[in-house]
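Understanding the architecture of this molecule
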Amino acid sequence: MIRLSAYLLTLLIFIGFITSCTTTEQVVQTPPEVVVERIFERDAFPVERYERAQALLNRNLWNKVFNNNVNVTWVDERAFYYSVNTRNGFELFFVNVDTQTKEPLFDQELVATGLGEVIGQEDAPDPYRLQFNDMEVSQDYSTVHFVWKDKKWEVNRANSSVSVVEELERIERPRASVLSPDGSLAAFIQDHNLYVRDMQTGNDTQLTVDGSEFYGYATDSQGWSRSERPILYWSADGALISTYQLDEREVEKMHLLRTASQRPELVSWPYALPGDEHVPMHERVIIDVRTGAITRLDTTPYHQRTSNCCGLTRGSYWADNQFSDDGRYLAYVATSRDYKEVTLKVADVATGSVQEVHFERDDIFIETNLTSRGTPNWKVLFDSNEFIWFSRKDNWGHLYLHDLVTGEKINQITTGEWNVIDIIHVDETQRRIYFSAVGMDDERDTYQMYYFSIMFDGSGLHSYTPDEGHHSATFSPDFNHLVSTVSDFTTPPVTLVKNRFGEILLQIEEADITDLLDAGWRKPLPFKAKARDGVTDIYGTIYKPSDFNPEKSYPIINNIYPGPQIGSVGTRAFSPARRGQTHALAELGFIVVQIDALGTPYRSREFHTAYYGDMSDNGLPDQVAAMKQLAGQYSWIDIDRAGMYGHSGGGFATAAALFNFPEFFKVGVSSAGNLDNRGYTFYWGEKFQGPFVEFEDGTDSFTNQALQYQVENLSGHLLLSYGTMDSNVHPNMTHLVIDALIDANKDFDLMVMPNRGHGYANESYKVRRTWDYFVKHLLDMEPPKEFDL
């Protein structure tokens, strides 16, 4: 309802009283100095639509697609077993590739009954919720072994009978530990030093002794991310550990206040910001677990960096490390503070001497894998004195073969206007590389994943997944067969067994989406548009309500994540549960779009680095251009009612959109945004904005992206939110914008989430308030009061 002054309300009440006491012919005139536009109550928004939207939220869609999540474990080159979600629960199947047959791994109900007969039926497991460890199928495929409740069990596959073959002494695994490859040792941190526990005897061994606060071993303290787990890399035989002593003694602290019943509690930790003189540094060490010998590498400390985004670990282990098979050498990559330089080095494990092998510089920033948290795409071939290297020096992500002794390039392995994504396997004997890639076929979605192999010399490029769609594959140990799941935005997954020629041998699963359709889920509509330059293709998806009517007109809402490490759309696989927020919001009566604009990965280097130096660009000109093109193509889009929402980087982009495109975006919901990257982790800003430089006029190289200087044009409705314990994106950045909005006398809305960290985007209250905000300000209706999600 329009806000009215107390004077105006009193006047109107008086007028209403006089009017009620006169005939209908009498007219009461408002004094000329008082302007009354209109008084109205919003129409009530139907609660039924909230209920329908609720059914489409992420958490409610996971259990509506069956025969979908196929997890494969190869037994040998000829057979594998897998688990899959079915209407029963999780079921286990066994596939013989030679005979091209599929059968249950065992009768799960009989096995559950058999387990109950041994341990007592009251403790018997649900047959379709079996949680077994260390499952193994025998070489003749006749039995299955697994560990459960401190016992090793055997199942006879012929009749599903169960027996205990070994009583196991339970050794408690240390909290926040990292297991060796065979699981026999667990590394953990205690009092800033590194220990290992023998998981067979339970004995602990202290490996380092001089660790101290802010100068500890294997410490996971990255400012924006921290944990108690050690960061390290095990050798394949579990004999060696590559790690570091982290020096953060001079790093300035970040502070948060935890809400408590009386006095709030102060939480402080080291957190380096762009331009800081003192930042965390790694002093690399190699530890021989067998002897306890510690070798410090003969080199200066390294910056806390990995050669691609984001964080230091991939899976459980420290990335950018590789031991030689004989344990004599450690290869690793050192990355500069500004991410412009990477150096491949080889260290002698015994002496700590270090040899520099290869150096590369990119004047913008380096990526050795285009997937966020993807394993860096390099591998040293110690036996042949070569190494495989990933580079975007020709504008696309490709593989190169180099001489390990001289560092010189031998030849380029892959080439073309497309990108290698992951090195899957390197067959050094056959000199063939197996890898995944995107963008190789101009006639297909450039983001769809396909699998290939190629010889070291660049010849013999071979496709294993020629059928169109987004693929996820698991190869047999000899790489003569693979299990491939293929799908796209609108086509449910089909899982196939193929030979090395890409020929289909057996279809083992096809997803069942009956329940998903019954819930009101509607297939998204993929599209291609032109970016801000009118030339570059950009891709996205449209989400509609289940009762969509092309004769109606719908507001359009952009769900954004601007990158640079990922985009808005995400995987091209069929994944409705990952897109539940967008489906749910559309169900309220909106058109929702996700668009991968300039500045996101999986395209050329030029595309990915488009807004380097001005992160507040966020690809927004491309988003606006695409949305206008869609409105020109589809009459059911009301481009005059446009909104945006996003979290984290998406919150940054949403606020920037409301400030810089006020004539276009009328409503925005911005949560946990890094609204001024001078206050965010130094690794992020210095990589994607550039080095921090102060200028004579009092500005700096980060001023152009700081949103507190861009608030003056806000005219739409903006809802800001943050978590008070967000140790990733600190609330202080939002406070700066709030202060600027107040100084500019701008109306805005604010939601503070006490004691929440960074990950509150899907919390029910936040989701409901987002819905309410768009319903109220884009549909001009009154949302159901305090709807309970």
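Residues numbered from 1 in each chain as written. Predicted model: local features only at pLDDT ≥ 70, side-chain atom pairs only at ≥ 80, totals over all residues. Heavy atoms only, no water.

1. Some remarks on the overall build of the protein chain
Here is the rule we go by: A run of H or I in DSSP counts as a helix once it spans at least four residues, and a run of E counts as a strand once it spans at least two, with each numbered from the N terminus. The globule rule is 2.2 Å times the number of residues to the power 0.38, and the radius of gyration it is compared with is taken over C-alpha atoms. Each residue gets one of three labels from its accessible area relative to the maximum for its type: buried under 20%, exposed over 50%, partly exposed in between, using a 1.4 Å probe on protein chains only. Contact definition: two residues touch when any of their heavy atoms are within 4.5 Å. Accessible surface is estimated by sampling points in the Shrake-Rupley manner with a 1.4 Å probe; for residues, cover comes only from the protein chains shown. In this tally, Lys and Arg are treated as positive and Asp and Glu as negative; His is ignored, and so are the chain termini. Charge positions are represented by NZ for Lys, CZ for Arg, CG for Asp and CD for Glu.
The helix and strand tally for the protein chain stands at 12 helices and 49 strands. Rg of the C-alpha trace for the protein chain: 30 Å, near the compact-globule value of 28 Å for 789 residues, within the 12% margin. If one aligns the C-alpha atoms of the protein chain with their principal axes, the spans along those axes are about 100 × 70 × 60 Å. A burial count over the protein chain gives 57% of its 789 residues as buried. Sequence-distant contacts, at least 24 apart, represent 59% of the contacts inside the protein chain between residues at least 6 apart. Summed over all atoms, the accessible surface of the protein chain reaches about 34,500 Å², with 46% contributed by carbon and sulfur. Each charge sign in the protein chain was given a centre, from 69 positive and 112 negative side chains, and these centres are 3 Å apart.

2. Some details on the sheet that holds strand β8 (residues 151-156)
Whether parallel or antiparallel, the strands of a sheet pair through hydrogen bonds between backbone atoms. Just so we agree on the cut-off: Pairing between strands requires that DSSP locate at least two bridges from one strand to the other. Angular values range over 0 to 180 degrees, each being the angle between N-to-C directions of two axes fitted as lines to C-alpha atoms, with helices fitted over their stretch in contact.
Here 4 strands make up an open sheet; going across it, the order is β6-β7-β8-β9 and the pairing antiparallel. The sheet is open, and its two edges are formed by β6 (133-137) and β9 (161-167), each paired on a single side. Neighbour-to-neighbour, the strand axes of this sheet turn through a mean angle of 20°, independent of strand direction. Note: β6 against strand β7 (residues 143-148), 3 bridges, orientation antiparallel.

3. Side note on the state of the cysteines
Rule in force here: Cysteine sulfur atoms that come within 2.5 Å of each other are treated as a disulfide pair.
A full pass over the atoms with the stated rule returns 1 disulfide. Here C309 engages in a disulfide with C310; their sulfurs sit 1.6 Å apart. Of note, the bridge from C309 to C310 carries an S-S torsion of about 60° and is right-handed in sense. Like C310, C309 is buried.

4. Examining the pattern of salt bridges
For clarity, the cut-off: The working definition used for a salt bridge is a side-chain nitrogen of Lys or Arg within 4 Å of a carboxyl oxygen of Asp or Glu.
Taken as a whole and judged by the stated rule, the model has 39 salt bridges. Here E386 makes a salt bridge to R431, at a shortest N to O gap of 3.0 Å. Remark: R431 occurs in the loop between β33 (419-427) and β34 (432-438) and E386 occurs in strand β30 (residues 386-391); sequence separation between them is 45 residues. Given the relative accessible area of 9%, E386 is considered buried. A salt bridge links R444 to D441; the shortest N-O distance between them is 3.4 Å. Assessed through its relative accessible area of 34%, D441 is described here as partly exposed.

5. Looking at unusual backbone geometry
Cis geometry marks the peptide bond from C309 to C310, where omega comes out at 5°. Within the secondary structure, C310 sits in the loop between β22 (302-303) and β23 (313-314). A cis amide bond, omega 5°, links G563 with the succeeding residue P564. Tracing the backbone through its elements, the reader meets P564 in the loop between β43 (554-559) and α6 (580-587). For N67, which is not a glycine, the phi torsion comes out positive at approximately 55°. The topology assignment puts N67 in the loop between α3 (58-61) and β2 (71-74). Positive phi is not limited to glycine here, since D320 has a value of about 65°. Examined against the element boundaries, D320 turns out to sit in the loop between β24 (317-318) and β25 (321-323). In this structure D320 comes out as buried when scored by relative accessible area, which is 5%.

6. Some thoughts on a negative patch on the surface
Short version of the rule: Surface patches are drawn from residues lacking salt bridges whose relative accessible area is over 30%; two like charges belong together within 9 Å, two nonpolar side chains (Val, Leu, Ile, Met, Phe, Trp, Tyr) within 5 Å.
Among the surface-exposed residues, D325, D326, D383 and E428 lie close enough to one another that they form a single negatively charged patch. With respect to the helices and strands, the residue D383 is situated in the loop between β29 (379-381) and β30. We classify D383 as exposed; its relative accessible area is 72%.

7. Comments concerning the nonpolar core
The condition is simple: We call a set of buried Ala, Val, Leu, Ile, Met, Phe, Trp, Tyr and Cys residues a nonpolar core when their side-chain atoms join them within 4.5 Å.
F590, F665 and W771 are the most contacted members of the largest nonpolar core, which totals 134 residues. When residues of this core are assigned to their parent elements, the largest contribution, 7 residues, is made by helix α9 (residues 649-660). If we ignore the near neighbours within four places in the chain, the residues touching W771 are Y50, A53, Q54, L57, Q581, A584, L585, L588 and L789. Counting 32 residues, the second-largest nonpolar core is a separate cluster that includes V178, A187, Y332 and V349.

8. Some details on the side chain of S701
Within the secondary structure, S701 sits in the loop between α10 (682-688) and β47 (717-723). Take S701: its relative accessible area is 17%, and that puts it in the buried class. What S701 contacts, discounting residues up to four positions off in sequence, is Q689, P691, F692, V693 and F695.

9. Digging into the packing of α6 against helix α12 (residues 764-777)
Where we set the bar: Each crossing gets its hand from how the near helix is turned against the far one by less than a right angle, where anticlockwise is left-handed and clockwise is right-handed. Classes in brief: Ala, Val, Leu, Ile, Met, Phe, Trp, Tyr, Cys and Pro nonpolar; Asp, Glu, Lys and Arg charged; the others, Gly included, polar.
The geometry of α6 relative to α12 is characterised by a closest axis approach of 11 Å and an angle of 40° between their N-to-C directions. The handedness of the crossing between α6 and α12 comes out as right-handed. Contacts from Q581, A584 and L585 of α6 reach α12 at V767, W771 and F774. Grouping the constituent residues of the contact of α6 with α12 by class yields 5 nonpolar, 1 polar and no charged.

10. Examining empty space enclosed by the protein
To locate leftover empty space, one rolls a probe as large as a water molecule over the atoms. Quick note on the threshold: Here a cavity denotes a set of grid points, spaced 1 Å apart and computed over the protein atoms alone, in which a 1.4 Å probe fits but from which it cannot get out, and a pocket denotes an open set meeting protein on both sides within 12 Å along at least five of seven lines; residues with an atom within 4 Å of a point are reported as lining. Grid points are joined across faces, edges and corners, and a volume is the space filled by probe spheres set on the points.
Here the structure, examined in full by the defined rule, presents 6 cavities of 30 Å³ or more. What lines the largest cavity is a set of 13 residues, and nearest its centre among them are Q222, W224, Q304, Y339 and Y683. Of the residues assigned to the lining of the largest cavity, the class counts are 7 nonpolar, 5 polar and 1 charged. The volume enclosed by the second largest cavity comes to roughly 70 Å³. What lines the second largest cavity is simply H282, R284, Y302, H303, R305, W318, A319, D320, N321, V333, A334 and T335. Elements that contribute at least two residues to the lining of the second largest cavity include exactly β20 (281-288), β22 and β26 (329-335).

11. Describing the confidence of the model for the protein chain
In plain terms, the rule: Confidence scores labelled pLDDT are given residue by residue by the predictor and lie between 0 and 100.
The share of residues in the protein chain with pLDDT of 70 or more is 95%, and the mean pLDDT across the chain is 94. In this model, residues 1-39 is a region of pLDDT below 50 whose contacts with residues beyond four sequence positions or in other chains number 21 contacts.

12. Topic: the sheet that holds strand β10 (residues 178-179)
Sheet architecture is open: 4 strands sit in the order β10-β11-β12-β13, paired in antiparallel fashion. Either end of the sheet is taken by a strand with one partner, and the two such strands are β10 and β13 (204-206). Across 3 bridges, strand β12 (residues 193-198) lies against β13 in antiparallel orientation. The residue bridging V196 from the neighbouring strand is T205, located in β13.

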